[in-house]
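# Tertiary structure, described
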Protein chains: 4
Amino acid sequence: DGPLAVIAGLNVLEDVGLALEVGSELKRICSDLGLPYVFKASFDKANRSSITSYRGPGLDKGLGMLARVKSELGVPICTDVHEANQSERVAEIADLVQLPAFLCRQTDLVVAMAEATQAAGGLLHVKKAQFLAPRDVKNIISKVGEVAPDLGVIMCERGTSFGYNNLIVDMLGIGAMHDLDVPVTIDATHAVQLPGADPRTAGASTGGRREGVPIIAKSAVAAGADGVFLEFHTDPDAALCDAPSCLPLTGAADLLKTLKLIRELVTTG
Amino acid sequence: DGPLAVIAGLNVLEDVGLALEVGSELKRICSDLGLPYVFKASFDKANRSSITSYRGPGLDKGLGMLARVKSELGVPICTDVHEANQSERVAEIADLVQLPAFLCRQTDLVVAMAEATQAAGGLLHVKKAQFLAPRDVKNIISKVGEVAPDLGVIMCERGTSFGYNNLIVDMLGIGAMHDLDVPVTIDATHAVQLPGADPRTAGASTGGRREGVPIIAKSAVAAGADGVFLEFHTDPDAALCDAPSCLPLTGAADLLKTLKLIRELVTTG
Amino acid sequence: DGPLAVIAGLNVLEDVGLALEVGSELKRICSDLGLPYVFKASFDKANRSSITSYRGPGLDKGLGMLARVKSELGVPICTDVHEANQSERVAEIADLVQLPAFLCRQTDLVVAMAEATQAAGGLLHVKKAQFLAPRDVKNIISKVGEVAPDLGVIMCERGTSFGYNNLIVDMLGIGAMHDLDVPVTIDATHAVQLPGADPRTAGASTGGRREGVPIIAKSAVAAGADGVFLEFHTDPDAALCDAPSCLPLTGAADLLKTLKLIRELVTTG
Amino acid sequence: DGPLAVIAGLNVLEDVGLALEVGSELKRICSDLGLPYVFKASFDKANRSSITSYRGPGLDKGLGMLARVKSELGVPICTDVHEANQSERVAEIADLVQLPAFLCRQTDLVVAMAEATQAAGGLLHVKKAQFLAPRDVKNIISKVGEVAPDLGVIMCERGTSFGYNNLIVDMLGIGAMHDLDVPVTIDATHAVQLPGADPRTAGASTGGRREGVPIIAKSAVAAGADGVFLEFHTDPDAALCDAPSCLPLTGAADLLKTLKLIRELVTTG
């Protein structure tokens, strides 16, 4: 029932200047609002629809950029791991080590990430797969518990398959995951994706509904989410990945203030 | 962007004393909160899973009970119509004449209800079917507009089919219906039903998740719903219909206060 | 495990000449193949997307046309009922009295149809709603059994809601309904509809995938369906209702022959 | 339009004796029926619900067992790859190198497998993810085509997410994938899984509906599938992985004969 946690930043690292600009602005907003803040950006987008999509700077360069954001801004970092052998290096930098949704049932990856994250003193942020029922994340939590019993796990709702080319967020799923004694965050950015349906590329990348992001965020916080995961850009339409669901940085202060107030309402009610 | 409308009362009419007790308490709470209030109860449950389920007092007796609630409490009334030939009699009493979800595409019923409701000066409250996409309610609105161009229509979200024996609420659907220039309400009570899955009766009636009702209500108001539809009882487990999703009347004041505050937050934000 | 039953004809009655032409050709084909044949056509389309859609000749004129098909061709008739008070008149003419999918849980309609059909010596053909799990049709069968214990009921699969604007056929549902000791038919024509998605009318009528009809029919017969429900036209694109899912009459003989052979394979196997 | 391809064997390698027994029996049956046969077994189950589930003999021992089946029985081999760095070793033994459903959008894995399989002269067997629309597999095919333009790709339907804890097979998806000019197989064994719902382990492993396997196989072949993927065991209830959806080897001859005849019917029809 603490304050709303904010995991926010870029979809994917572009250049370090953008990362610092977005991170410092979000840090300032969260500081003003009294909300804990974690900077998020991916160094690699390993599951793009097309082979020609922008993938990011990669592990070496990307971790260097994240380390610089961490030290210059003094903020914790969230980034995702795609292969078991990346776990230790990522856990050195990231405070919130993120397991991608499509990969959340790959045992070797879960085990490697859990061990590395516990050793480094971080937390595990698990995106619930689009094909998984909320209560079934108990199997992931159990896997983690067996190899890293002291590791904190946070579950993240990012939408569930609903027919073809659509995701839907089950607000009752937040409570179903809370019942497993883990904090729950809402990834409102990915939850509005329209898989395989970006009309700008005839389906070669994933579409989105940018105007839906604040709605899903507000709804989920009202439903009890403990944190919110959001992706911003100074020029959303020019974002190199997932532009259709990217929010303008200029709107961050208003949205986060509203979310903070909803959180207070539903936790003190 | 006005205050949150509250359509609330009983699932189905039982005896008039209960209706007056529930209606007067909800009227008092809404009055204290400055929220417009409409008393809701059905006189017939025409689509029960089993032929032996309680169906209510029927048209004659039920309209009499609703008329008494209306005059004694001085509150507007919402109730539903199941056959075209009931439209005129219902529209005489009900201020909000409700089209059931399963029937929302039956043209003759829509036309009869629209004509009778416009003539009587009421509004039409349309439950979006579980099998209908939010944007496709435009066809219902068009049908109404052709025969009753001055009639106000309110769309109600009550959950969408999600696999078997489950409903899910698409919070982005509220905005999709707003785009059609109609107010949108959330029926949080029916939205938590588990169709055909009440374990107490081995599937012969519909189950529900009572604890989910406030979550769906808060989420939907945060997402922009203009009104909330809720069913209460003084003894929910003893409710003669849909007990598993019925809320205790004792919790109404706290829930409605929270919903009012969320509404204010998201409309002034 | 008998021969495949064929319920086939027109979506909606247009003129009697067309009904006789389609019915006589289908009768001839089924006779050649040794398959029992029932002529199907609706006299009213009561649930159109738009108020301006063609609805058919109506009850009086429509039943007259069906009576003429019945007597001139000597074939049994299948047509649907939309309101309880139509039941007796329809049951006088129709041998297979059909309950529409959206209405399959309306108790008064089910009861009236069951009583009238039993009295007239017909059978009840129940379209499983798009929002209903296969095993939950047991509640419909129970309702019928309580008022018409000697009435034969046939369940018809016509697709299940799958996200928005799409239907999907669960081939395992055929067995789930067989487990309730009723014959099961496949309505391959309606199963390929794309609700609310006919691009020719910007969503004001329902789209379809004509090329999918034979696929669904073959699949379902392979999965154990005892009968097939199909709609034809001499000029499918000119059909006054549901043209996108209408088959050309010229293809009927080949399709029915293939279905007959699949049926023989899976029942003798 | 050639004969039905049969990819069949074990879910996971147990001991080499079982693999040889199952493989030789299936080879014999397919030879009698004139059907091309590929032996399938996994060396590792990398995405189990629980960390304590049996995972198989692993890469080294497993490839040794598969090599022995290949040489002793003279049959081609199908097995799956879970990490990019396994690709070359697997492609040396396997003729049909299989990409798992959950991983089908992981670009590095797709690229590594495509390159290794083309180099080794094999074919790629891609399981369509449960969260992917059939037409969207074009992005996977494009990725493969860019790095391995001469590599043959076969798409495999294994069910699509349908609500929680359920899969459904869209028979129209087979044609949608055929439209991309690739052969399509049906994995009838995994298609009947009930994810996260094995009542024997309270959700710690995945349930299934063994009796549904032949139904899905027959339906899909009737719908146009070019090949069938099936898992057998001499003692299905004792299978170390996915027992609820495993078929008895004793039923293989009858089922494959029926499938062969359906294939002939629909390709000559």
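Structural notes, computed from the coordinates. Worth saying up front: this structure is predicted, and the values here are computed from it rather than measured. (Residues numbered from 1 in each chain as written. Chains lettered and ligands numbered in written order. Predicted model: local features only at pLDDT ≥ 70, side-chain atom pairs only at ≥ 80, totals over all residues. Heavy atoms only, no water.)

Across its full length, chain A carries nine helices and 11 strands. Against the compact-globule benchmark of 18 Å for 269 residues, chain A has a radius of gyration of 17 Å, which places it among compact chains. Counting only C-alpha atoms, chain A reaches 45 × 45 × 40 Å along its principal axes. Across the 269 residues that make up chain A, the buried fraction comes to 66%. (Helix = DSSP H or I, 4+ residues; strand = E, 2+ residues; numbered from the N terminus. Rg over C-alpha atoms; globule rule 2.2 N^0.38 Å. Buried < 20%, exposed > 50% of the residue type's maximum accessible area, 1.4 Å probe, protein only.)

Contacts between chain A and chain C engage four residues on the former and four residues on the latter. For the pair chain A and chain C, the two sides together bury roughly 380 Å², of which 75% comes from carbon and sulfur. Interface area lost by chain A to chain C is led by A:Phe162, A:Gly163 and A:Tyr164, which between them contribute 85%. Applying the counting criterion to the chain A and chain C interface returns zero residue pairs in polar contact (both at pLDDT 80 or more). Among the residues forming the side of chain A that touches chain C, the class breakdown is two nonpolar, two polar and no charged. (Contact = heavy atoms within 4.5 Å. Buried area = accessible area lost by both parts, 1.4 Å probe. Polar contact = N/O pair within 3.5 Å; in protein donor to acceptor, adjacent residues only side chain to side chain. Nonpolar A, V, L, I, M, F, W, Y, C, P; charged D, E, K, R; others polar.)

Attention now goes to the pattern of salt bridges. Opposite charge on two side chains permits them to pair, given that their charged atoms come into close proximity. Under the counting rule described, the total for this entry stands at 60 salt bridges over all chains. Each of A:Glu25, A:Arg28 and A:Asp32 takes part in a single network of salt bridges with overlapping partners. (Salt bridge = Lys/Arg side-chain N within 4 Å of Asp/Glu carboxyl O.)

Residues and elements named next belong to chain D. Where burial is concerned, the two faces of strand S3 (residues 77–80) agree: the one with Ile77 and Thr79 and the one with Cys78 and Asp80 are both buried. With two bridges connecting them, strand S2 (residues 37–42) and S3 associate as parallel partners. Along S3, the bridge assignment pairs Lys40 with Cys78. In this region the chain leaves S2, passes through helix H2 (residues 59–73) and returns to the parallel neighbour S3; the handedness of that crossover is right-handed. Here S3 runs beside strand S4 (residues 96–99); their pairing, made up of three bridges, is parallel. When the sheet's bridge partners are listed, Asp80 is paired in S4 with Gln98. You can see the chain leave S3, run along helix H3 (residues 87–93) and come back into S4, and the turn it takes is right-handed. (Pairing = 2+ DSSP bridges. Right-handed = clockwise from strand over helix to strand, strands pointing away.)

Next up on the list: the interface of chain A and chain D. Each side of the interface is counted separately: chain A has 39 residues, and chain D has 39 residues. Summed over both sides, the interface between chain A and chain D buries roughly 3500 Å², with carbon and sulfur atoms accounting for 46% of that surface. Three residues, A:Ile51, A:Arg105 and A:Tyr164, lead the burial of chain A against chain D; their summed loss comes to 21% of the area buried on that side. As a salt-bridge pair, A:Arg55 and D:Asp108 come within 2.6 Å of each other at their nearest N and O atoms. Linking chain A with chain D are 10 residue pairs in polar contact (both at pLDDT 80 or more), by the criterion used here.

Turning next to the relation of the copies chain A and chain C. Once chain A is rotated about the relating axis by 180° and shifted along it by 0.0 Å, it coincides with chain C to within an RMSD of 0.0 Å. These values place the two chain copies in the arrangement generated by a two-fold rotation axis. When C-alpha positions in chain A are compared against the rotation axis, the closest is assigned to A:Gly163, at 1.9 Å. When the interface residues of chain A are mapped onto chain C, 100% of them again lie at the interface, so the same face is used by both copies. (Least-squares fit on C-alpha atoms with pLDDT ≥ 70 in both.)

Turning our attention to unusual backbone geometry. Of note in the backbone geometry, A:Asp181 takes a positive phi value of approximately 65° without being a glycine. We note that D:Asp242 has phi near 55°; this positive angle belongs to a residue other than glycine. On the secondary structure map, D:Asp242 appears in the loop between strand S10 (227–233) and strand S11 (247–248).

Our focus in this paragraph is the nonpolar core. By size, the foremost hydrophobic cluster in this structure holds 340 residues, and its most contacted members are A:Leu230, B:Leu230, C:Leu230 and D:Leu230. Apart from residues no more than four positions distant in its own chain, A:Leu230 is found in contact with A:Ile7, A:Ala8, A:Gly9, A:Ala188, A:Thr189, A:Val213, A:Ala217, A:Leu247, A:Leu255, A:Leu256 and A:Leu259. (Core = buried A, V, L, I, M, F, W, Y, C linked by side-chain atoms within 4.5 Å.)

What follows concerns the pairing of strand S10 (residues 227–233) of chain A. All names here are of chain A. The buried count for S10 comes to seven of seven residues, which makes it a mostly enclosed element. What you see with S10 is no split at all: Gly227, Phe229, Glu231 and His233 on one side and Val228, Leu230 and Phe232 on the other are buried throughout. Across two bridges, S10 lies against strand S11 (residues 247–248) in parallel orientation. Considered in S11, the bridge of Phe232 is made with Leu247.

Right, let's get into the environment of A:Ile51. Assignment of secondary structure puts A:Ile51 in the loop between strand S2 (37–42) and helix H2 (59–73). Residues A:Ile51 and A:Glu92, spaced 41 residues apart in sequence, show a C-alpha to C-alpha distance of 29 Å. With near-sequence residues (within four places) excluded, A:Ile51 lies in contact with D:Thr107, D:Val111, D:Lys143, D:Glu146 and D:Val147.

Attention now goes to the relation of the copies chain A and chain D. When chain A is fitted to chain D, the best match, at an RMSD of 0.0 Å, comes from turning it 180° and sliding it 0.0 Å along the axis. Interface overlap between copies is the fraction of interface residues in one copy that are interface residues in the other; for chain A against chain D it reaches 100%, indicating a shared surface.

In this section: helix H9 (residues 252–268) of chain A. For H9(A), spanning 17 residues, the distance from its first C-alpha to its last is 24 Å, which sits close to the expected 24 Å at 1.5 Å a residue. Buried within H9(A) are the following residues: A:Ala252, A:Leu255, A:Leu256, A:Thr258, A:Leu259, A:Ile262, A:Arg263, A:Leu265 and A:Val266. (Expected span 1.5 Å × (residues − 1).)

To continue, consider the side chain of D:Asn139. On the secondary structure map, D:Asn139 appears in helix H5 (residues 138–147). Leave out the neighbours within four places in its chain, and D:Asn139 touches A:Ser49, A:Gly203 and A:Ala204.

Attention shifts here to the environment of C:Asn165. Residues and elements named next belong to chain C. Take Asn165: it is sitting in the loop between strand S7 (160–161) and strand S8 (167–168). A relative accessible area of 14% means that Asn165 is categorised as buried. Residues Asn165 and Pro236, 71 residues apart in the sequence, show an inter-C-alpha distance of 22 Å.

Residue and element names in this part refer to chain C. One can describe the packing of helix H8 (residues 213–222) onto helix H9 (residues 252–268) by two numbers: an axis separation of 8 Å at closest approach and a directional angle of 20°. Between H8 and H9, the angle is such that the two are roughly parallel. Classified by chirality, the crossing of H9 by H8 is right-handed. Contacts between H8 and H9 pair Pro214, Ala217, Lys218, Val221 and Ala222 from the former with Leu255, Thr258, Leu259, Ile262, Arg263 and Val266 from the latter. A breakdown of the residues in the contact of H8 with H9 according to their chemical character gives eight nonpolar, one polar and two charged. (Axes fitted to C-alpha atoms, helices over the stretch in contact; angles between N-to-C directions. Parallel < 35°, antiparallel > 145°, perpendicular 65-115°, else oblique. Left-handed = near helix turned anticlockwise from the far one by under 90°.)

Moving on, we come to the packing of aromatic side chains. Enumeration according to the criterion identifies 12 aromatic pairs over all chains in this entry. Between B:Phe131 and C:Phe102, the aromatic rings sit 4.1 Å apart at their centres with planes inclined by 10°, giving stacked as the arrangement. Highlighted residues: B:Phe131 in the loop between strand S5 (123–127) and helix H5 (138–147) and C:Phe102 in the loop between strand S4 (96–99) and helix H4 (107–120), drawn from two different chains. The two residues B:Phe131 and C:Phe102 agree in class, both being buried. Summarising the aromatic geometry, the rings of B:Phe162 and D:Tyr164 are spaced 4.9 Å apart at their centres and angled 80° between planes, so their arrangement reads as edge-to-face. Separated into two different chains, B:Phe162 in the loop between strand S7 (160–161) and strand S8 (167–168) and D:Tyr164 in the loop between strand S7 (160–161) and strand S8 (167–168) make up a pair that spans both. A single burial state applies to B:Phe162 and to D:Tyr164, both of which are buried. Taken together, the ring pairs in this structure connect A:Phe102, A:Phe131, D:Phe102 and D:Phe131 into an aromatic cluster. The aromatic ring of D:Phe229 is capped on one face by D:Lys127, whose charged end is 4.2 Å from the ring centroid. (Phe/Tyr/Trp six-rings, centres within 6.5 Å; stacked < 30°, edge-to-face > 60°. Lys NZ or Arg CZ within 6 Å of the ring centre and 35° of its normal.)

It is worth stressing that arrangement in space is one thing and function is another; only the former is reported here.
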